[in-house]
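Listed here are the chains, written in short residue letters.
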Amino acid sequence: CAGMCGPLAAVSCGRNSRLGLLRYQLGRSIAYAFAGGMAGHFGRGLALYEPDWTRWLFPLLTAAACSVAAINLFRGRVARGLVALRTPSQQSRSVFGTLLRLAPRDAASLGLLSLALPCGLLATALLTAITTGDAAAGTLFMLGFASASGIAVLSSAVATHYLPQIGRNARR
């Protein structure tokens, strides 16, 4: 949470850091709650076909995926070539540069868009919201997830914002 959403929250703050952080977290919470409600509603549809295996399938798949990721991490298998460093002129012509120009500058809008980030923990939380089998329960679960993960996101954003100032003061 701190590594992916934290810098995004820090960038979205701009000069008004407190209000920007609150607006980012509000947008993020709204998006997660909506997604949780949709996931819970989808889970209710799965419950109509409720064979016994649906109760343990999602937790088992999640545990298996986490185990495979942990084994690969411990073996030192890290994906290579994920990020290609480019000069600013090359970046502006890239897909990333285009997306960056199209991204909203409003903190709440960026918070809403954080739902689209490729986050494994968020995917796991949404799978858990599916298993609730109820839109209200899925919404509440995802609000809890947004609140709990929001501590790491906001801490990272505050640290990203204030650490350069502390470094400049230490040099003096």
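**What about the overall build of the chain?**
Tallying secondary structure elements over the chain gives eight helices and zero strands in all. For the chain, the succession of helices and strands along the chain, N to C, is α-α-α-α-α-α-α-α. Going through the 172 residues of the chain one by one, you find that 27% of them count as buried. Contacts in the chain between residues far apart in sequence, at least 24 positions, make up 79% of those at least 6 positions apart. Total accessible area computed for the chain in this model is approximately 11,500 Å², and 68% of it derives from carbon and sulfur atoms.

**Topic: the confidence of the model for the chain**
Residues with a pLDDT of 70 or more make up 66% of the chain, whose mean pLDDT is 76. By mean pLDDT, helix H4 (residues 88-93) is the weakest element of the chain at 53, and helix H7 (residues 120-132) is the strongest at 88.

**Describing the side chain of Gln25**
Structurally, the position occupied by Gln25 is in helix H2 (residues 17-47). Sequence-distant contacts of Gln25, defined by excluding residues within four places in its chain, comprise Ala146, Ser147, Gly150 and Leu154.

**Observations regarding the nonpolar core**
Counting 19 residues, the largest nonpolar core has Ala9, Tyr24, Tyr32, Met142 and Phe145 as its most contacted members. Listing elements by their share of this core, those giving two or more residues are helix H1 (5-13), H2, helix H6 (107-113), H7 and helix H8 (135-171).

**Description of H7**
Over its 13 residues, H7 runs 19 Å from end to end, which matches the ideal 18 Å to within 8%, given 1.5 Å per residue. Among the residues making up H7, those that are buried are Leu122, Ala125, Ala129 and Ile130. Mapping the buried residues of H7 onto a view down its axis gives an arc of 150 degrees, with all of them on the same face. A positive phi of about 70 degrees marks Gly133, the residue just after H7.

**Quick word on a nonpolar patch on the surface**
Together, Leu26, Ile30 and Leu112 make up an exposed nonpolar region whose accessible area comes to about 280 Å². Position of Leu112 relative to the elements: it lies in helix H6. Residue classification places Leu112 among the partly exposed positions, given a relative accessible area of 41%.

**Focus on the side chain of Thr62**
One can find Thr62 in helix H3 (residues 54-74). Once residues lying within four places of it in the same chain are set aside, the contact partners of Thr62 are Thr124 and Leu127.

**Structural notes on the environment of Gly27**
Within the secondary structure, Gly27 sits in helix H2. The spatial distance from the C-alpha of Gly27 to the C-alpha of Gly111 is 4.3 Å, given a sequence separation of 84 residues. Apart from the residues lying within four places of it in its own chain, the contact partners of Gly27 are Ala108, Gly111 and Leu112.

**Quick word on the environment of Gly144**
Along the chain, Gly144 turns up in helix H8. Judged by its relative accessible area of 37%, Gly144 is partly exposed. Along the chain, Gly144 and Tyr32 lie 112 residues apart, while their C-alpha atoms are 9.5 Å from each other.

Scoring rules and cut-offs
- Think of each chain on its own: its residues are numbered from 1, step by step along the sequence as written.
- Selection of residues for local features in this predicted model requires a pLDDT of at least 70, selection of side-chain atom pairs for listing and counting requires 80 or more, and totals for whole chains, interfaces and linings are taken over all residues.
- Side-chain numbers here rest on the full set of heavy atoms in the structure, without hydrogens or water.
- Think of it this way: any DSSP run of H or I at least four residues long counts as a helix, any run of E at least two long counts as a strand, and we number them from the N terminus.
- The rule is simple: take the accessible area with a 1.4 Å probe, protein chains only, and divide by the maximum for that residue type; under 20% is buried, over 50% is exposed, in between is partly exposed.
- Residue contacts follow a heavy-atom distance rule, with two residues in contact if any of their heavy atoms lie within 4.5 Å.
- Accessibility throughout is a Shrake-Rupley quantity obtained with a 1.4 Å probe, and a residue counts as covered only by protein chains that appear here.
- Confidence of the predictor at the level of single residues is captured by pLDDT, which takes values from 0 to 100.
- For this analysis, a nonpolar core means a set of buried residues of the types Ala, Val, Leu, Ile, Met, Phe, Trp, Tyr and Cys, connected via side-chain atoms within 4.5 Å.
- For a helix, the expected span equals 1.5 Å multiplied by the residue count minus one.
- As used here, the arc belongs to the directions running from the helix axis to the C-beta atoms.
- Patch membership is restricted to residues that have no salt bridge and whose relative accessible area is over 30%. Joining uses 9 Å for like charges and 5 Å for the nonpolar side chains Val, Leu, Ile, Met, Phe, Trp and Tyr.
- By definition, a salt bridge exists where a carboxyl oxygen of Asp or Glu is found within 4 Å of a side-chain nitrogen of Lys or Arg.

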